[in-house]
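Understanding the architecture of this molecule
Okay, here's what each chain looks like letter by letter:
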Amino acid sequence: MLNVIKLILRKKQHASVFFDNKEIKFIVSDGREFTISWLELIRVSIQTTDEGPARPDAFWLLETKKHTLRIPHGTQGDKELLHQLQKLPGFDNQTFISSMASVNNNLFVCWEKK
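What comes next is a walk through the structure. (Residues numbered from 1 in each chain as written. Predicted model: local features only at pLDDT ≥ 70, side-chain atom pairs only at ≥ 80, totals over all residues. Heavy atoms only, no water.)

Pairing within the open sheet is antiparallel, and its 3 strands lie in the order β2-β3-β4. Since the sheet does not close on itself, it has two edges, and those belong to β2 (16-19) and β4 (33-37), each with one partner. Here the strands of the sheet are splayed against their neighbours by 15° on average, with no regard to which way each runs. For strand β3 (residues 23-27) and β4, the ladder comprises 5 bridges, and the chain directions are antiparallel. Across the sheet, I24 pairs through a bridge with I36, a residue of β4. Along the sheet, helix α1 (residues 78-85) contacts β2 and β3; its crossing angle with β2, the most-contacted strand, is approximately 35°. (Pairing = 2+ DSSP bridges. Helix = DSSP H or I, 4+ residues; strand = E, 2+ residues; numbered from the N terminus. Axes fitted to C-alpha atoms, helices over the stretch in contact; angles between N-to-C directions. Contact = heavy atoms within 4.5 Å.)

Right, dumping it as structure tokens:
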């Protein structure tokens, strides 16, 4: 079973996502950092909830065999992350677009490692 790192952000909290050619790093307002390697990435999904707009309702799920990094949509740096993820071979942009229209609890798999 995967160890899911869940961080629900309140509106006053700030978080950032950064990446380079080796890893993706998610930093929350209290300074905690969560990192996964691009080489270990096996799946990219969007999880949507019915909790918006008062709370975050769309999340990136970046999965490895051991962990899932859950990053709220709208986090500083997530637009740049999207552009990088779209470079993954076989990334499904139509699925991503569909996920952004969802207002229900759902999971949209945009990419899986082959």
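Before going further, it helps to examine the packing of aromatic side chains. Throughout the structure, instances matching the rule amount to 2 aromatic pairs. An angle of 90° between the planes, with centres 6.2 Å apart, marks the rings of F19 and W38 as edge-to-face. Of this pair, F19 sits in strand β2 while W38 sits in the loop between β4 and β5 (43-48), placing them 19 residues apart in sequence. With 5.6 Å between their ring centres and 10° between their planes, W60 and F96 make a pair best called stacked. With W60 in strand β6 (residues 58-63) and F96 in helix α2 (residues 93-100), the pair connects residues that are 36 residues apart, well separated along the chain. The class for W60 is buried, based on a relative accessible area of 1%. The ring of F59 is capped by R70, whose NZ or CZ atom sits 3.7 Å from the centre of that ring. (Phe/Tyr/Trp six-rings, centres within 6.5 Å; stacked < 30°, edge-to-face > 60°. Buried < 20%, exposed > 50% of the residue type's maximum accessible area, 1.4 Å probe, protein only. Lys NZ or Arg CZ within 6 Å of the ring centre and 35° of its normal.)

In short, shape yes, function no, at least from these values alone.
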